[in-house]
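The primary structure of each chain is shown beneath.
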Amino acid sequence: MTCPHRVWRDVHGPLDERVDEDNPFLRLLWERGVQHEADVVAGFGFEMVDCSLGTEEERIAATHAAIDARAEYIYQGILAHGDLFGIPDILHFDGVEYIPIEIKSGSADESGDDGEGVKPRKDYAVQLALYCELLERRGVHSSYRAAVIDTTGERVDYDLTAPQGTRTPETFLELYHRIRAEVVALLANEMQNSPAMSSKCKDCGWYASCSKWVKETDDLTQLFYVGRSIRDTMQKDLGASSVEAILNQDRGLLLEKKKADKTFLRGIGGSTLEKIFRRGELMRSEGEPLMLAHYEFPEVTTEIFFDIESDPTRDLVYLHGFWVRSPDSERFVEFTARAATPEAERDAWAGAIHFLRSFDPDDTAVYYYSAYERTSYRRLRRKFPDVIVEDELEAMFAHRNFIDLYLDIILPSTEWPLGAYSVKAIAPHLGFKWRDETPSGALSIQWFNEFLTTGDEAKLRRILEYNEDDCKATVVVKDYLKQRMDEMKNGGN
Ligand code: SF4
């Protein structure tokens, strides 16, 4: 689901180039998932036929026997038929059919970016559809109903025959069949696909190998926001997908052809095409970042650069960091939860809100990078409504001096000779260096968990240092943008 190329590469790729380094953060996620499952099962309250022990054959036989006896709950049964195999966490017989239930340490829903609100997660839905098909193959009726017990411990029911959304009429079941057919063809090497760089690649054992391929082939997915689907459409319609080959095209002619033929470069609008050319040319020339439109920064006495640290796997914001710059001083202020409890999370957040309220909003600019801070603060408000009322929080973020550097300026008004426009990519390009050798939000979560389990203050200091540097990186980006915007205003670019 994350990368269709990985399915092929895991079997048919250059296996000696795969790096299976121990990733402590992934290990933490794994351990947390196992612990969450154990907690849910321990508190389940229903008798279950336990099929988790024994050899694979013994577990399959025990699962089949339990299904034939219509056991109400079956734990860790193995379903196997032909080329399909699956281990649903729980099978629940509701008197009519077996409902597969997965225990997940993530959220059962995901927010659509199409404004349709929350809906089932596609990756969970596809996994559950596999179990339904296995039940059917076993001769047990399935109407493709399933469920997830998520990180909150609540059971969320999935109807896999429902459309994925009003704008995506394909049902989850159809999605599953489409993906399964693709997987079967990839595993049999009847179908091949190419790597495509994305933010997901960093945690993949093939990262070095795929990056090398992308560079050697000058693949379009090196460019910011150019992913698999754009690259594959270019390849299909133009017979090429290298940056060089695309830059050699006449963009005027491409736009004309697009107007005349709606099927040509389908899904790639004129403005996207313009961006691809602009980004390709900039990356090729390794030139100065482009300022495309002027942005007027507020003239204020105090500037605050703001960044949070959170652990999404347990829905916890544990650190609010602020770099405060005023005419006579600069300082770092932090509000940290020193335990993974709702009380500690609430107190840290209440401290941060109190701190922000202490400044005159008309004479203070607050800078942050991307929508994460705002969405996290909205989630915190729903969790702890006594801290701040919704209107006040919304007014805070809507104030003209509350500025999202990424969404308000970087994305709409600039271009960079980089494959990613995150603060971790842009600040080093401008010469900033984190004190930590390998800074990442994932490592911060790992250190926080180590601090919680060992009480080691050095871990906490490392998190605070990392967060402080994140805030300072935002300062560097803001100052650069301001300087370039001033130059633009004064006639240069
Ligand atoms: S590095 Fe990226 S493109 Fe390559 S297999 Fe992994 S996720 Fe896919």
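Quick caveat, the model's predicted, so the values are computed rather than measured.

Draft legend 1. Local environment of the site of the ligand. Surveying the vicinity of the ligand reveals the residues Cys3, His5, Arg6, Arg9, Pro195, Ala196, Lys200, Cys201, Cys204, Trp206, Tyr207 and Cys210. Those elements that place two or more of their residues in the shell around the ligand are helix H1 (4-12) and helix H6 (207-216). Examining the composition of the shell around the ligand, we find that three residues originate from one element, H1, more than from any other. Class assignment of the residues belonging to the shell around the ligand gives a composition of eight nonpolar, one polar and three charged.

Draft legend 2. Up close: the nonpolar core. Counting 34 residues, the largest nonpolar core has Leu128, Ala129, Cys132 and Leu160 as the members making the most contacts within it. At eight residues, helix H4 (residues 122-137) tops the list of elements feeding residues into this core. If we skip the residues at most four places from it in the chain, Leu128 touches Pro100, Glu102, Ala146, Tyr158 and Leu160. Core analysis: the next-biggest nonpolar cluster, separate from the first, contains 24 residues, Ile304, Phe305, Ala365 and Ile403 among them.

Draft legend 3. Spotlight on the domain arrangement of the protein. Domain parsing of the protein yields domain 1 (4-14 + 27-187), domain 2 (215-287) and domain 3 (302-489). For domain 1 and domain 2, the distance between their C-alpha centres works out to 38 Å.

Draft legend 4. Seen up close, the environment of Arg278. Here Arg278 shows up in helix H10 (residues 270-285). Through-space distance from the C-alpha of Arg278 to that of Leu290 is 9.5 Å; in sequence the pair is twelve residues apart.

Draft legend 5. Here's a closer look at the environment of His399. Mapping His399 onto the fold places it in the loop between helix H13 (390-398) and strand S18 (402-404). His399 sits 34 residues away from Ala365 along the chain, and the two C-alpha atoms are 9.4 Å apart.

Draft legend 6. Looking closely at the packing of H1 against helix H5 (residues 172-187). Contact geometry for H1 and H5: axes closest at 9 Å, N-to-C directions at 25°. Judged by the angle between their axes, H1 and H5 are roughly parallel. In this structure, H1 crosses over H5, and the sense of that crossing is right-handed. Counted together, Pro4, Val7, Trp8 and Val11 of H1 and Glu182, Val183, Leu186 and Leu187 of H5 form the full contact between these two elements.

Reading the values: the criteria
- Residues numbered from 1 in each chain as written.
- Predicted model: local features only at pLDDT ≥ 70, side-chain atom pairs only at ≥ 80, totals over all residues.
- Near = placed C-beta within 6 Å.
- Helix = DSSP H or I, 4+ residues; strand = E, 2+ residues; numbered from the N terminus.
- Nonpolar A, V, L, I, M, F, W, Y, C, P; charged D, E, K, R; others polar.
- Core = buried A, V, L, I, M, F, W, Y, C linked by C-beta atoms within 7 Å.
- Buried ≥ 20, exposed ≤ 12 C-beta atoms within 10 Å, placed from the backbone.
- Contact = placed C-beta atoms within 7 Å.
- Domains from an automatic or database assignment.
- Axes fitted to C-alpha atoms, helices over the stretch in contact; angles between N-to-C directions.
- Parallel < 35°, antiparallel > 145°, perpendicular 65-115°, else oblique.
- Left-handed = near helix turned anticlockwise from the far one by under 90°.

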